[in-house]
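Each chain is listed here by its residues.
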Amino acid sequence: MSAPQNVLISLEERHAEKILDGTKTVELRRRPMHVAVGATIWFYVKVPVGSVIGCAKVAGVHTLAPSTLWTRFGPVSGLQRREFFDYFSGSPTAFALSLTEPRRLATPIPLSELRDVSSGFHPPQFFANIASDGPLFRAMNRGLRPKRPAASQRASTQFQQALALA
């Protein structure tokens, strides 16, 4: 069994923030990304931020006509209709990665630190595969905040704590 795929993409800050706050659940691309369901997508936010700030899991990979993609994912694309169609103008096919489980790094990892752990590192123009046993992955993975328990688990824990106090 192979290690899970880790991919680094470059995004504008507004798109990365919308993914991390859960209002944007698809990442749109004009070209296909050969990414497997279950892969982790890491977000490098372009300069002036210049840092990896979080990640999400790939829940689905979609290749559709732009109009079909808009119908299906427009409300969760993070774009207004005009901006969406301007982006895909002249493209007969549109690509989207459905994302789930967004997680923010406790502390963003700046470009200088990425270069310290991996000499010659350059942010990807499109995307870059990251070795799950490599220094970039270790640096990014170390920075993840612990996963929050599911709402039902939090409620159960709170109930148990309340009982203990009674």
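Placed above this text is the structure.
Residues numbered from 1 in each chain as written. Predicted model: local features only at pLDDT ≥ 70, side-chain atom pairs only at ≥ 80, totals over all residues. Heavy atoms only, no water.

(A) The arrangement of the packing of aromatic side chains in detail. Taken as a whole, this structure holds 7 aromatic pairs when the rule is applied. Taken together, a centroid distance of 4.8 Å and an interplanar angle of 75 degrees make the contact between Y87 and F88 edge-to-face. With a centroid separation of 5.2 Å and 65 degrees between ring planes, the pair formed by F126 and F127 is classed as edge-to-face. Residue classification places F126 among the buried residues on the basis of a relative accessible area of 16%. Among the residues examined, F127 registers a relative accessible area of 22% and is labelled partly exposed. (Phe/Tyr/Trp six-rings, centres within 6.5 Å; stacked < 30°, edge-to-face > 60°. Buried < 20%, exposed > 50% of the residue type's maximum accessible area, 1.4 Å probe, protein only.)

(B) Unusual backbone geometry, seen in detail. Of note, the amide linkage connecting V47 to P48 takes the cis form, showing an omega dihedral of 20 degrees. Within the secondary structure, P48 is located in the loop between β3 (40-45) and β4 (51-64). (Helix = DSSP H or I, 4+ residues; strand = E, 2+ residues; numbered from the N terminus.)

(C) Expanded view of the pattern of salt bridges. Under the criterion given, the structure shown has 6 salt bridges. E27 is the partner of R29 in a salt bridge, and the nearest nitrogen-oxygen pair spans 3.1 Å. The exposure classification of R29 matches that of E27, with both residues buried. Connected via shared salt-bridge partners are E12, R14 and E83. (Salt bridge = Lys/Arg side-chain N within 4 Å of Asp/Glu carboxyl O.)

(D) Quick peek at the layout of surface pockets. What the largest pocket holds in volume is close to 370 Å³. The wall of the largest pocket is formed by 18 residues, among which E12, H15, E27, L28 and Y87 lie closest to the centre. Secondary-structure elements contributing two or more residues to the lining of the largest pocket are β1 (6-11), α1 (13-20), β2 (26-29) and α3 (81-87). Tallying contributions element by element places β2 first for the lining of the largest pocket, with 3 residues. In terms of residue class, the lining of the largest pocket is made up of 5 nonpolar, 4 polar and 9 charged. (1 Å grid on protein atoms, 1.4 Å probe; cavity = no way out; pocket = protein on both sides within 12 Å on 5 of 7 lines; lining within 4 Å. Points joined across faces, edges and corners; volume = space filled by probe spheres on them. Nonpolar A, V, L, I, M, F, W, Y, C, P; charged D, E, K, R; others polar.)

The values reported here are purely geometric and, on their own, carry no functional implication.
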